[in-house]
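# Residue-level structural notes
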Amino acid sequence: MSDTDLLVRSFEEQRPRLRAVAHRMLGSAAEADDAVQDTWLRLSRADADAIDNLPGWLTTTVGRVCLDRLRSASARHEEAADEAAEAAGGRDPEQEALLAESVGRALEVVLTTLGPTERLVFVLHDMFAVSFEEIAPVVDRSIPAVRQIASRARRRVQARSADPVVDPARQRRVVEAFLTASREGRFDDLVTLLDPYVVMRGDATAVRMGGPAESRGSSAVAAFFNGRAQAAVPAFVDGLPGAVIVVDGRVRLAVTFTVTDRIIGIESVADPGQLRALDLVVG
């Protein structure tokens, strides 16, 4: 077996762990796959003989790739906001991968409320046991500073409930109240039902239909939904409370809501292939 074949084999053994890290960082399976591929490209250009700890090197590298993507996304969001304002005025890799997959959808939403550096430090250290010494050069901070970042991120995560309310009936009532407020244009009620740090995302097809790729904060999300949802029908989407838009007997859009005491996450899916893969219970 050639050195290249050995490198490919070693990388593939680490792929589940790398994808789990990237998914927790980026919140998107497609973006996680892209980040893992970028990590492979960096490895293929590196001097593999000089890498003493390949799993550690790959973990910190995929973290750096994700951090670059998050910072780039943040910059794009800030530029878009400025334009709008002007117009308007150490563990076993398999066990770690399973652990990451077992972390609930609500935690993913909570993680998105952290800044890029906080999220990277929290994910690498608290979820994947990467040492502060290894993380420090990735984020270009001192080890004591990284410890403080981890502590701050941990407090922010723990301060908000990461476990969704388990009572489906209550979840459904919150979502139905939100949809009603949306139809009736009751902006203040929408804000009340949303967590201040709510994150809303839509896939590419939903964006082409007029929705945002991403929106953050109760005021922005409430403004988007205010007066909408006229055609929304309550539903359960993959077991989560949600709503669907049905046109000519076909589901054109599915929306899921992650609910704790309030709505902390909203996701819209309109891609036909993804819609077919969803478990939908309408009504």
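Position numbers for residues start from 1 in each chain and track the written sequence from start to end. For this predicted model, a pLDDT threshold of at least 70 governs which residues receive local features, and a threshold of 80 or more governs which side-chain atom pairs are given and counted, while totals over whole chains, interfaces and linings are taken from all residues. Note that water and hydrogens are dropped before the side-chain values are worked out from all heavy atoms of the structure.

On to the pattern of salt bridges, then. Just to be clear on terms, a salt bridge is a Lys or Arg side-chain nitrogen sitting within 4 Å of an Asp or Glu carboxyl oxygen. For the structure on display, the rule yields nine salt bridges. Put simply, E214 and R201 hold a salt bridge, and the shortest N to O gap is 3.0 Å. Here E214 is found in strand 2 (residues 214-216), whereas its partner R201 is found in strand 1 (residues 194-202), with 13 residues between them in sequence. A single salt-bridge network, built from bridges that share partners, covers E184, R186 and D189. To qualify as a helix, a DSSP run of H or I must reach at least 4 residues; to qualify as a strand, a run of E must reach at least 2; elements of each kind are numbered from the N terminus.

What follows deals with the environment of A229. Looking at where A229 falls in the secondary structure, it is placed in the loop between helix 12 (218-225) and strand 3 (232-237). In this structure, the C-alpha to C-alpha distance between A229 and I245, residues 16 residues apart in sequence, is 8.6 Å. Here, two residues are considered to be in contact whenever any of their heavy atoms come within 4.5 Å of each other. Not counting residues within four places of it along the chain, the set of residues in contact with A229 comprises L179, S182 and R183.

In this scheme Phe, Tyr and Trp rings, the latter by its six-membered ring, pair at centre separations within 6.5 Å, and the angle between planes marks the pair as stacked below 30 degrees, edge-to-face above 60, and tilted otherwise. With the rule as written, the count across this model stands at four aromatic pairs. Centre to centre, the rings of F178 and F225 are 5.0 Å apart; their planes meet at 70°, and the pair counts as edge-to-face. You can see F178 sitting in helix 9 (residues 168-184) and its partner F225 sitting in helix 12, a full 47 residues away along the chain. Ring centres of F224 and F225 lie 5.4 Å apart, and the angle between their planes is 90°; this geometry places the pair in the edge-to-face category. Whether a residue is buried, partly exposed or exposed follows from its accessible area with a 1.4 Å probe, protein chains only, as a fraction of its type maximum: under 20%, in between, or over 50%, in that order. Relative accessible area serves as the criterion here: at 9%, F225 is assigned to the buried category. Among the aromatic residues, those joined into a cluster by ring pairs are F178, F224, F225 and F257. Only Lys NZ and Arg CZ are tested; either one counts as a charge over a ring when it is within 6 Å of the ring centre and within 35 degrees of the ring normal. Lying across the ring of F224, R228 places its NZ or CZ 4.1 Å from the centre.

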